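Spelled out, the chains give:
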Amino acid sequence: MKATMDKLVNLCKGRGIIYPGSEIYGGMGNTWDYGPVGVEIKNNIKRAWWKRFVQESDNSYGVDAAILMNSRVWEASGHTTSFSDPKMDCKFCKTRHRADNLIEAHSKGKVNPDTMTNEEMEAYIREHHVTCPKCGKSDFTPIRTFNLMFETSRGVTEEGQNVVYLRPETAQGEFVNFLNVQRTTRTKVPFGIGQIGKAFRNEITPGNFIFRTIEFEQMEHQWFCKKGTDGEWYDYYKKAAWDFLVDLGFDPSHLRYKDHDKLAHYAKAACDIQYLFPIGWSELNGIHNRTDYDLSRHSEFSGKNMEYADPVTGEKYIPYVIEYSIGADRLMLAALTEAYDEELLDNGETRIVMHFSPAIAAYKAAVLPLQKNLGERARAIYRRLAKSFMCTYDEAGSIGKRYRRQDEIGTPYCVTVDFDTEKDGTVTVRDRDSMQQIRIDADKLEEYISDKIRF
Ligand code: ATP
């Protein structure tokens, strides 16, 4: 793997993939804007996920729930009281840290802070003289817990304002709609609800490009099943989550499962799939057996009975939930890392190439007239292809430089229109990875490319 975070950030900025947020005002820490190329890649990632987990998944349905929810939702889910991180400040340079991260970094991953209480973490930091990564001193404030939810208020008068939260996860939108979806689709348990949407977290230590941001998108799938079958479904989704990544082109040696050592009080089993990011092995997604906790809590807090009535046996019960959750932006970072390559060519030059799966590449084809006077013909081909998939058109600069630009954004096919096109209607198609060129009839292009970009 040749990607470093700096190389990715520079490439993304220079090629219209991702820009720093609010840049002309000096930026806004840890916010990022997707550019013309980046928005296509991210949309393709979301489309591929939706296709796999909603469209092709037996008995799964999509929702798009509101970001702002009744505040009681967050009381029921436990976020109001316990969605917090242990923060400590360096007394010397005033930098804010997460105590668990300090311990993990100091012990090089050998000590797992997830199993420690706040007092145990404080004691560890004191006894091992853990130092501040910024200034090197070892003098911290006691741990304080810090709720990660962004708070705002709703109301037209100062007095009548109510606190509302920007959702910190999309999952609750699926839970509160469990009965709506079940009734309106007339489906039976087991079934799934998928959702893609924004989530917001006032992270103490955001950073590492789009790995951890304060605003991000989640792709979540909740599978509602009967208690007793939950173990089987948990294993199923562990595998499905892995297979999705491998089918997107991830090398399995860059992925690993990591079971959680300390389970949340409601969870029966939980594991992450970690990816070998430029910052090292880190969580890419999570799979959790959340038992009947969420639906039971919503029953209790809303007063609405969330039981499912089995139409065959008449049995009534609250289903168990297997949750699979992955950040679209974090998957984008993983896909960028996985795709990045620097190849030494025979002529001694280095080419940067993004080996994206064609299914997630921003443009499926770039149409390039060899010379400007072939532009009319080339534009007609471009317009025809653009009816079927995203394409780009470029007539500026030498053909070699134009190929390199497409390599750097991962366009799988370059279609070159030359003088033979005028004579016999054929074009050359250059393959991004092998750089091999073939000649095909321009009328067959759409079929040729469509076949290769399917996920
Ligand atoms: P982490 O341990 O990295 O904070 P988490 O365990 O809190 O993550 P979940 O609440 O399970 O994460 O969220 C599901 C997924 O959402 C994560 O696996 C990750 O892909 C993504 N995600 C979570 N927090 C962020 C964030 N701040 N920025 C970008 N993606 C995030």
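1. Looking at the overall build of the protein
At step 1: Broken down by element type, the protein carries 15 helices and 23 strands.
At step 2: Of all 455 residues assigned to the protein, the portion counted as buried reaches 50%.
At step 3: Sequence-distant contacts, at least 24 apart, represent 66% of the contacts inside the protein between residues at least 6 apart.
At step 4: Accessible surface for the protein amounts to roughly 21,900 Å². Of this, 48% is attributable to carbon and sulfur atoms.
At step 5: For the protein, the distance from the average site of its 61 positive side-chain charges to the average site of its 67 negative ones is 2 Å.

2. A closer look at helix H8 (residues 178–185)
Every α-helix carries 3.6 residues per turn, so stepping three or four residues along brings you back to the same face.
At step 1: For H8, every residue scored as buried is listed here: Phe178, Leu179, Val181 and Gln182. Around the axis of H8, the buried residues are gathered within 165° of arc, so they sit on the same side. In H8, the exposed residues that point more than 90 degrees away from the buried face are Arg183 and Thr184.
At step 2: Looking at the packing, one finds that the buried side of H8 touches strand S3 (60–62), helix H7 (171–176), strand S9 (191–200), strand S10 (215–225), helix H10 (293–302) and strand S14 (308–309).
At step 3: After H8 finishes, the residue Arg186 shows a positive phi value of roughly 55°.

3. Concerning the site of the ligand
At step 1: With respect to spatial proximity, 16 residues lie near the ligand, and among them Glu203, Arg212, Thr213, Glu283 and Leu284 are the closest.
At step 2: At 3.0 Å, a side-chain N or O of Arg330 approaches an oxygen atom of the ligand.
At step 3: For the ligand, the accessible surface in isolation is 590 Å², of which the surrounding protein chains cover 84%.
At step 4: Across the shell around the ligand, the residue classes tally to four nonpolar, seven polar and five charged.

4. What about the sheet that holds strand S6 (residues 144–147)?
At step 1: The three strands are arranged S5-S4-S6 in an open sheet whose pairing can be described as antiparallel. On the outer flanks of this sheet lie strand S5 (96–98) and S6, each paired with one strand and no other. Neighbour to neighbour, the strand axes of the sheet diverge by 50° on average, direction disregarded.
At step 2: Bridging between strand S4 (residues 84–89) and S6 involves four bridges; their strand directions are antiparallel. What sits directly across from Ser84, in S6, is Asn147.
At step 3: On the sheet, helix H5 (residues 99–106) packs against S4 and S5 and is oriented at approximately 70° with respect to S5.

5. Quick word on the sheet that holds strand S19 (residues 365–369)
At step 1: Spatial strand order, S20-S19-S21-S22-S23: five strands in an open sheet with mixed pairing. Two strands close off the open sheet at either side, each with one partner strand: strand S20 (391–393) and strand S23 (437–441). Sheet twist, expressed as the mean angle between neighbouring strand axes with direction ignored, is 25°.
At step 2: Note that S19 and S20 share three bridges and pair parallel. Paired with Val367 across the strands is Tyr393, a residue of S20.
At step 3: Packed onto the sheet, helix H12 (residues 375–386) meets S19, S20, strand S21 (413–417) and strand S22 (426–431) and runs at close to 165° relative to S20.

6. Remarks on the domain arrangement of the protein
At step 1: The domain architecture assigned to the protein consists of domain 1 (5–68 + 155–336), domain 2 (84–147) and domain 3 (363–452).
At step 2: When each unit is reduced to the centre of its C-alpha atoms, the spacing between domain 1 and domain 3 is 37 Å.
At step 3: Taken residue by residue, the interface counts six residues in domain 1 and six residues in domain 3.
At step 4: Together, the buried faces of domain 1 and domain 3 total about 610 Å²; carbon and sulfur atoms form 53% of this surface.
At step 5: Here domain 1 is connected to domain 3 by one salt bridge.
At step 6: At the boundary of domain 1 and domain 3, one finds one residue pair in polar contact (both at pLDDT 80 or more).
At step 7: Counting residues per element, the side of domain 1 that touches domain 3 draws most heavily on helix H2 (residues 36–55), which supplies four residues.

7. Digging into unusual backbone geometry
At step 1: Residue Pro190 follows Val189 across a cis peptide bond; omega there is 5°.
At step 2: One can find Pro190 in the loop between H8 and S9.
At step 3: Its identity is not glycine, yet Thr291 carries a phi of approximately 50°, on the positive side.

8. A few points about the pairing of strand S18 (residues 350–354)
At step 1: Sheet topology places strand S17 (residues 340–344) next to S18; five bridges connect them, and they run antiparallel. When the bridges of S18 are listed, Glu342 appears paired with Ile352.
At step 2: As consecutive antiparallel partners, S17 and S18 are separated by five residues, and within that stretch Gly348 has a phi angle of approximately 90°, a positive value.

9. What about the environment of Gly16?
At step 1: Relative to the helices and strands, Gly16 is located in the loop between helix H1 (5–14) and strand S1 (18–20).
At step 2: Excluding anything up to four places from it in sequence, Gly16 contacts Gly35, Pro36, Val37 and Gly38.

10. A look at the environment of Val9
At step 1: In this fold, Val9 is placed in helix H1.
At step 2: Residue class for Val9 comes out partly exposed when judged on its relative accessible area of 23%.
At step 3: Note: C-alpha distance between Val9 and Lys239 (230 residues apart in sequence) is 31 Å.

11. Here's the deal with the packing of aromatic side chains
At step 1: One pass over the structure, following the stated rule, counts 24 aromatic pairs.
At step 2: When the ring of Phe178 is compared with that of Phe191, the centres are 5.7 Å apart and the planes differ by 10°; the resulting orientation is stacked. Highlighted residues: Phe178 in helix H8 and Phe191 in strand S9, separated in sequence by 13 residues.
At step 3: Through pairs of rings, three or more aromatic residues link up here, namely Trp49, Phe53, Phe244, Tyr324 and Phe455.
At step 4: Lying across the ring of Tyr257, Lys238 places its NZ or CZ 4.9 Å from the centre.
At step 5: A cation sits over an aromatic face here: Arg330 above Phe211, 3.8 Å from the ring centre.

Conventions adopted
Residues numbered from 1 in each chain as written. Predicted model: local features only at pLDDT ≥ 70, side-chain atom pairs only at ≥ 80, totals over all residues. Heavy atoms only, no water. Helix = DSSP H or I, 4+ residues; strand = E, 2+ residues; numbered from the N terminus. Buried < 20%, exposed > 50% of the residue type's maximum accessible area, 1.4 Å probe, protein only. Contact = heavy atoms within 4.5 Å. Areas by Shrake-Rupley, 256 points an atom, 1.4 Å probe, with all protein chains shown as cover. Lys, Arg positive; Asp, Glu negative; His and termini not counted. Charge placed at Lys NZ, Arg CZ, Asp CG, Glu CD. Arc of directions from axis to C-beta. Near = heavy atom within 4 Å. Polar contact = N/O pair within 3.5 Å; in protein donor to acceptor, adjacent residues only side chain to side chain. Nonpolar A, V, L, I, M, F, W, Y, C, P; charged D, E, K, R; others polar. Pairing = 2+ DSSP bridges. Axes fitted to C-alpha atoms, helices over the stretch in contact; angles between N-to-C directions. Domains from an automatic or database assignment. Buried area = accessible area lost by both parts, 1.4 Å probe. Salt bridge = Lys/Arg side-chain N within 4 Å of Asp/Glu carboxyl O. Phe/Tyr/Trp six-rings, centres within 6.5 Å; stacked < 30°, edge-to-face > 60°. Lys NZ or Arg CZ within 6 Å of the ring centre and 35° of its normal.

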